[in-house]
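Remarks on the overall topology
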Amino acid sequence: MSTTVSQLDEVKTGPWNGGKSPWNLEYGKIMMWFFLVGDAFTFSAFLVYYGTQRFAHSTWPDADKIFQSIPGIAEHGQPLVFVGIMTFILIMSSVTMVLAVEAGHRNSKNEVVKWMLWTILGGICFVGCQAIEWTHLHHAGFWFGQNPGTGLEGDAIKDALQPYFTHDISYTSALQFANLFFTITGFHGFHVTVGIILNIIVLCMTLNNTFQNRGSYLMIEKVGLYWHFVDLVWVFVFTFFYLV
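This report concerns the structure included in the present document. (Residues numbered from 1 in each chain as written. Predicted model: local features only at pLDDT ≥ 70, side-chain atom pairs only at ≥ 80, totals over all residues. Heavy atoms only, no water.)

**A look at the pattern of salt bridges**
This model, assessed by the stated rule, comprises 3 salt bridges. In this structure, Glu 111 and Arg 106 form a salt bridge, with 2.8 Å as the shortest nitrogen-oxygen distance. Since its relative accessible area comes to 41%, Arg 106 is described here as partly exposed. It is possible to trace a salt-bridge network through shared partners that takes in Glu 102, Arg 106 and Glu 111. (Salt bridge = Lys/Arg side-chain N within 4 Å of Asp/Glu carboxyl O. Buried < 20%, exposed > 50% of the residue type's maximum accessible area, 1.4 Å probe, protein only.)

**Examining the state of the cysteines**
Counting across every chain of the model gives 0 disulfides. You can see Cys 129 has no disulfide; the closest cysteine sulfur is in Cys 125, sitting 6.5 Å from it. Judged by relative accessible area, Cys 129 falls into the buried class, the value being 13%. (Disulfide = S-S within 2.5 Å.)

**Description of the layout of surface pockets**
Estimates place the volume of the largest pocket at around 200 Å³. Looking at the largest pocket, it is lined by 16 residues, and the ones nearest its centre are Arg 54, Trp 60, Pro 61, Asp 62 and Ala 63. Secondary structure elements with two or more residues in the lining of the largest pocket: helix H1 (27-56), helix H2 (63-66) and helix H8 (218-243). By residue number, the principal contributor to the lining of the largest pocket is H8, which donates 3 residues. Here the residues of the lining of the largest pocket sort into 9 nonpolar, 4 polar and 3 charged. Approximately 160 Å³ is the volume found for the second largest pocket. Around the second largest pocket, the lining residues are Lys 65, Ile 66, Gln 68, Ser 69, Glu 75, His 76, His 136, Leu 137, Ala 140, Phe 142, Pro 163 and Tyr 164. Elements represented by at least two residues in the lining of the second largest pocket include exactly H2 and helix H4 (109-140). (1 Å grid on protein atoms, 1.4 Å probe; cavity = no way out; pocket = protein on both sides within 12 Å on 5 of 7 lines; lining within 4 Å. Points joined across faces, edges and corners; volume = space filled by probe spheres on them. Helix = DSSP H or I, 4+ residues; strand = E, 2+ residues; numbered from the N terminus. Nonpolar A, V, L, I, M, F, W, Y, C, P; charged D, E, K, R; others polar.)

**Focus on the side chain of Gln 130**
With respect to the secondary-structure elements, Gln 130 resides in helix H4. Classification of Gln 130 by relative accessible area gives buried; the value is 6%.

**Some points on the environment of Val 223**
Inspection of the secondary structure puts Val 223 in helix H8. Excluding anything up to four places from it in sequence, Val 223 contacts Met 97, Leu 198, Asn 199 and Val 202. (Contact = heavy atoms within 4.5 Å.)

**Digging into the side chain of Ser 170**
Summarising the element assignment, Ser 170 is placed in the loop between helix H5 (155-161) and helix H6 (171-207). Using a relative accessible area of 16% as the deciding quantity, one classes Ser 170 as buried. Separated by 3.1 Å, the side chains of Ser 170 and Ser 173 make a polar contact. If we skip the residues at most four places from it in the chain, Ser 170 touches Thr 59, Leu 161 and Phe 165. (Polar contact = N/O pair within 3.5 Å; in protein donor to acceptor, adjacent residues only side chain to side chain.)

**Quick look at empty space enclosed by the protein**
Under the criterion given, the structure shown has 1 cavity of 30 Å³ or more. As for the largest cavity, its lining consists of Ile 66, Phe 67, Ser 69, Pro 71, Leu 80, Val 81, Phe 82, Val 83, Glu 133, His 136 and Leu 137. Elements with a minimum of two residues in the lining of the largest cavity: helix H3 (81-105) and H4. Partitioned by chemical class, the residues of the lining of the largest cavity number 8 nonpolar, 2 polar and 1 charged.

The structure is reproduced here in structure tokens:
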């Protein structure tokens with residue numbers, strides 16, 4: 001009995017021949033994607049709720065009036081400049097992470113170390129800037145469950161909130177804004193902090209030649225997926241809180 005297989009029946013292995021499995025990925029990378037998809041739903045729920053509250057109220061605090069300072073440099077007149085700097089730092093850290101992954105593909109340990117250091121530095125700077133912004137807003141009267149009008153009565157509430165509204169003033173809107181701002185940016189800041197810790201661990205493993213001995217820097221690619229996800233989420237947080 002002939003065992004010859006015709007060309008039509010041969011398994012095609014080329015990328016355009018239908019013989020390459022889309023699941024031909026390393027287990028850890030697939031699990032990272034599963035985690036990121038689940039985390040994306042969590043952030044989406046937060047942002048959808050923010051949008052619901054934002055458009056359910058007839059008036060809402062104006063981001064240009066709340067975020068118009070550069071802590072330590074200018075108290076007023078610089079709307080969204082400081083958060084723009086924060087965003088630029090985080091995006092650049094994503095670029096350095098890409099360079100670290102690319103260097104890992106070439107098994108270039110020294111370049112991996114260099115770009116990982118820059119990524120970690122960018123993450124630390126971002127979290128530091130976020131802490132400064134939180135501190136500044138707290139001093140202005142915004143915090144969980146409170147705003148500048150908390151504890152005041154009558155016209156004093158309107159006077160305290162007037163600088164943060166363009167049209168009508170709403171104590172409830174300011175309170176909701178404060179709660180959601182600190183919750184969502186805090187949740188994102190927690191993710192960035194976790195990413196920094198992971199990057200430091202990976203950097204230490206790189207310095208110990210762990211990946212060099214394995215012959216693969218795949219772990220850096222996995223951590224890179226998480227870091228890019230954190231950066232992408234910030235684009236949506238930035239849009240919802242600072243631009244809309």
